[in-house]
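Breakdown of the fold
Each chain is listed here by its residues.
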Amino acid sequence: MQVGKASIKFEEPPVIESMASIVGKKEGEGPLGKLFDVVEQDDMFGADTWEKAESALQKQTADLAIEKGDVRKKDIRYLFAGDLLGQLIATSFGTVDLEIPLFGLFGACSTMGEALNLGSMTVAAGYADKVMAMASSHFATAEKQFRFPLGYGSQRPSSSSWTVTGCGAVILTKHRKEGIAAITGITTGRMVDMGIKDSMNMGAAMAPAAFHTIQQNFDDFNVDENYYDKIITGDLGQVGRTILLDFMKNKGHDLETIHTDCGIEIFDPDSQDTHAGGSGCGCAASTLCSYILPKIKDGTWKRVLFVPTGALLSTVSFNEGETIPGIAHGVMIEHIDN
Amino acid sequence: MEVNKKAYEAYVKEVTPVNKKLPNIIKAFLVGGIICTIGQICTTLIMNQGVEKDTASAWTTLILIAASVILTGLNIYPKITKFGGAGALVPITGFANSVVAPAVEFKAEGQVFGIGCKIFTIAGPVILYGILSSWILGVIAYVLKAFGIV
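Residues numbered from 1 in each chain as written. Chains lettered and ligands numbered in written order. Predicted model: local features only at pLDDT ≥ 70, side-chain atom pairs only at ≥ 80, totals over all residues. Heavy atoms only, no water.

Chain B is annotated in an unreviewed UniProt entry as Stage V sporulation protein AC of Lacrimispora xylanisolvens.

In the nomenclature of an unreviewed UniProt entry, chain A corresponds to Stage V sporulation protein AD from the organism Lacrimispora xylanisolvens.

Shown next as structure tokens:
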């Protein structure tokens, strides 16, 4: 059912029946280290290039989600997946062997939100019984594409983030009484450009988009922060969180205790030197599948607004002096009472 | 949105932590100084072997570049720069690092389109504008000399 301006409420909420998360060594050493399904010690994932490594990461994660859910591959009708690389090469090469019809998505670091939005719409509408939503990022491929070669020495400002090497995948199935969690509604974000030009401060570029989507969700569903146990953004980091909380406070919403951010949860900035926090599609996706969904499943949190955030940074537009617009997609995830 | 872009920019500046200047300056001075001291030790040792100063300087440059190349390959030079900042970027070792790093990274894309096209992605501007500015200065010096000013 269409709700408000940008939201959908699912009368028969699609259910997350399986999840998998695979991350790299550094993420495994972080605060969430023990929660991931697999911590791969080899950042090359057995491949000979970084791009192939990220493809292997996607393939392994998808296979694991299928295996954990005891689902037959041929029953998954569509795959909604994406990554950060040009022409989505991690996804396009990584998912060849899956032989599942693919929608390749680019939403920068918000991709998991976009995949869950589209995946749950597809399932709820009856166009598929099962779909998979997946997103990945790799520190080395992202550095190579957006910043500098790994061997180049440089100093990173304190507002910069650290791209997560990780992948998260979920399998959504049509409404039923059991499962990990249910997706009860979505609020799709729109582009928000506040004129930020500093690619080393993506939290500031994305925070207004997160604010906009959360506010839109509140308006569309006629709810406020009390409706949720947690509101979890993707990769705003410390700077972005500060800005989001300030913006929400100005609107009369106090998110101080219920807000957290995947980028803040996944690394320990003091011991891991990650500055503002983690980022990348894999940040929100792997945190969702290791930390957030289990807590919803066991009932610690009954209702969560998951808001992956993306900074639509391009090296071309950046060099041409353009700003960095942001986007954030809201997904309402709820506990299933058995 | 009710906040305008200019106000937002000022607000972001306010909430974004800045790197501490003084410790960075001290670290840069220390690292830069150590690299230069190593260079001086090399020059002095080579000159002690009875080599001319110009030749000794050329050998020193070669040694520093070779050291930086090896340290980049071993992934140690980025750590030195992370600590020392401009102290490690400005000396010739930093320049060597900026050439080797892309070469290592883009090797997978082939000898021509990988290493060949991308080896100077970071150092290219330094080379181009370095040559351009020395050409301009050369022209100025030539003109001043022609008019007997210098």
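**Examining helix α2 (residues 50-69) of chain A**
Residue pairs three or four apart in sequence face the same way in an α-helix, which turns once every 3.6 residues. Residue and element names in this part refer to chain A. Counted at 1.5 Å a residue, the expected span for α2 with its 20 residues is 28 Å, and the 29 Å between its end C-alpha atoms agrees. When you tally the buried positions in α2, you get 14 out of 20 residues, the bulk of the element. Two residues or fewer after α2 comes Asp 70, characterised by a positive phi angle close to 55 degrees. (Helix = DSSP H or I, 4+ residues; strand = E, 2+ residues; numbered from the N terminus. Expected span 1.5 Å × (residues − 1). Buried < 20%, exposed > 50% of the residue type's maximum accessible area, 1.4 Å probe, protein only.)

**Let's talk about the pairing of strand β17 (residues 330-334) of chain A**
Residues and elements named next belong to chain A. A large share of β17 lies buried, amounting to five of its five residues. By the bridge criterion, five bridges tie strand β10 (residues 181-187) to β17 in an arrangement that is antiparallel. Bridging across to β17, Ile 183 finds its partner in Ile 333. Two elements, strand β14 (residues 303-307) and β17, share four bridges in a ladder whose sense is antiparallel. If you follow Val 304 over to β17, its bridge partner there is Ile 333. (Pairing = 2+ DSSP bridges.)

**Topic: the environment of B:Val150**
All names here are of chain B. The topology assignment puts Val 150 in the segment after α8 (124-146). Taking the C-alpha atoms as reference points, Val 150 and Ile 34, 116 residues apart in sequence, are found 38 Å from one another. Setting aside chain neighbours within four positions, we find Val 150 in contact with Leu 144 and Lys 145. (Contact = heavy atoms within 4.5 Å.)

**Here we look at helix α5 (residues 139-146) of chain A**
For α5(A), the buried fraction is high: six of the eight residues fall into the buried class. Those residues of α5(A) not exposed but buried are A:Phe139, A:Ala140, A:Thr141, A:Ala142, A:Glu143 and A:Lys144. As for α5(A), its buried residues are in contact with α2, β7 (130-137) and β8 (162-163) of chain A together with α6 (92-105) of chain B.

**Description of the pairing of strand β3 (residues 15-23) of chain A**
All names here are of chain A. Within β3, nine of the nine residues are buried, which leaves it mostly tucked inside the rest of the structure. Relative to β10, β3 runs antiparallel, the two being bridged by two bridges. Of the residues in β10, the one forming a bridge with Val 15 is Ala 182. The pairing of β3 with strand β4 (residues 38-39) spans two bridges and is classified as parallel. Across the sheet, residue Val 23 finds its bridge partner in β4, namely Val 39.

**Focus on the nonpolar core**
Residue and element names in this part refer to chain A. Grouped together as the largest cluster of nonpolar side chains are 48 residues, with contacts concentrated most on Leu 116, Val 170, Leu 288, Ile 292, Leu 293, Phe 306 and Ile 333. Considering every element that reaches this core, the biggest residue donor is helix α10 (residues 281-297), with ten residues. The residue makeup of this core includes at least three contributed by each of domain 1 (15-173) and domain 2 (181-334). Listed in part, the 37 residues of the second largest apolar core include Phe 211, Val 239, Val 307 and Leu 313. (Core = buried A, V, L, I, M, F, W, Y, C linked by side-chain atoms within 4.5 Å. Domains from an automatic or database assignment.)

**Here's the deal with the packing of helix α7 (residues 237-250) of chain A against helix α1 (residues 5-15) of chain B**
Contact geometry for α7(A) and α1(B): axes closest at 10 Å, N-to-C directions at 125 degrees. One finds that α7(A) runs oblique with respect to α1(B). Relative to α1(B), α7(A) is oriented so that their crossing is right-handed. Residues A:Val239, A:Thr242, A:Ile243, A:Asp246 and A:Phe247 of α7(A) pack against B:Tyr8, B:Tyr11, B:Val12 and B:Val15 of α1(B). Residues belonging to the contact of α7(A) with α1(B) are distributed by class as follows: seven nonpolar, one polar and one charged. (Axes fitted to C-alpha atoms, helices over the stretch in contact; angles between N-to-C directions. Parallel < 35°, antiparallel > 145°, perpendicular 65-115°, else oblique. Left-handed = near helix turned anticlockwise from the far one by under 90°. Nonpolar A, V, L, I, M, F, W, Y, C, P; charged D, E, K, R; others polar.)

**A closer look at the UniProt feature "transmembrane region" (unreviewed entry) in chain B**
Residue and element names in this part refer to chain B. If you check UniProt for "transmembrane region" (unreviewed entry), the listed places come out as residues 25-46, 58-77, 83-104 and 116-144 in our numbering. Across residues 58-77 one finds 85% helix and 0% strand; the C-alpha atoms that close the span lie 22 Å apart. Secondary structure content for residues 83-104 is 86% helix and 0% strand, while the C-alpha to C-alpha distance between its ends is 22 Å. (UniProt positions renumbered as here; feature names shortened; annotations may be inferred.)

**Re the domain arrangement of chain B**
Along its sequence, chain B is organised into domain 1 (19-119) and domain 2 (123-150). Each of domain 1 of chain B and domain 2 of chain B was reduced to a C-alpha centroid, and the two centroids are 26 Å apart.

**What to know about the domain arrangement of chain A**
Residues and elements named next belong to chain A. Examined at the domain level, chain A breaks down into domain 1 (15-173) and domain 2 (181-334). On a C-alpha basis, the centres of domain 1 and domain 2 stand 18 Å from each other. For the pair domain 1 and domain 2, the summed buried surface comes to about 3,900 Å²; carbon and sulfur atoms form 69% of the total. Contact with domain 2 buries surface across domain 1, with Leu 32, Cys 109 and Asn 117 losing the most and accounting together for 16% of the total. The interface formed by domain 1 and domain 2 includes zero salt bridges. At the boundary of domain 1 and domain 2, one finds 16 residue pairs in polar contact (both at pLDDT 80 or more). Those elements that place two or more of their residues in the side of domain 1 that touches domain 2 are β3, α1 (25-28), α4 (111-124), β7, α5, β8 and β9 (166-173). (Buried area = accessible area lost by both parts, 1.4 Å probe. Salt bridge = Lys/Arg side-chain N within 4 Å of Asp/Glu carboxyl O. Polar contact = N/O pair within 3.5 Å; in protein donor to acceptor, adjacent residues only side chain to side chain.)

**Some remarks on the packing of aromatic side chains**
Enumeration according to the criterion identifies eleven aromatic pairs over all chains in this entry. Note on A:Phe247 and B:Tyr8: the rings are 5.7 Å apart at their centroids and 70 degrees apart in plane angle, and the pair reads as edge-to-face. Taken together, the residues A:Phe247 in helix α7 and B:Tyr8 in helix α1 connect one chain to another. Here A:Phe247 and B:Tyr8 have matching classes, each one buried. Grouping aromatic residues by their ring pairs yields a cluster made of A:Phe211, A:Phe247, B:Tyr8 and B:Tyr11. For the cation-ring pair, A:Lys295 lies above A:Trp301, with the distance from its terminal atom to the ring centre recorded as 5.8 Å. (Phe/Tyr/Trp six-rings, centres within 6.5 Å; stacked < 30°, edge-to-face > 60°. Lys NZ or Arg CZ within 6 Å of the ring centre and 35° of its normal.)

**A look at unusual backbone geometry**
Residue and element names in this part refer to chain A. Positive phi, normally seen in glycine, also occurs at Glu 99, with a value near 55 degrees. Note that Glu 99 resides in the loop between α3 (89-94) and β6 (102-105). The phi torsion at His 275 lies on the positive side, around 60 degrees, for a residue other than glycine. Its location among the elements puts His 275 in the loop between α9 (269-272) and β13 (278-279). Of the residues examined, His 275 reaches a relative accessible area of 18% and is grouped as buried.

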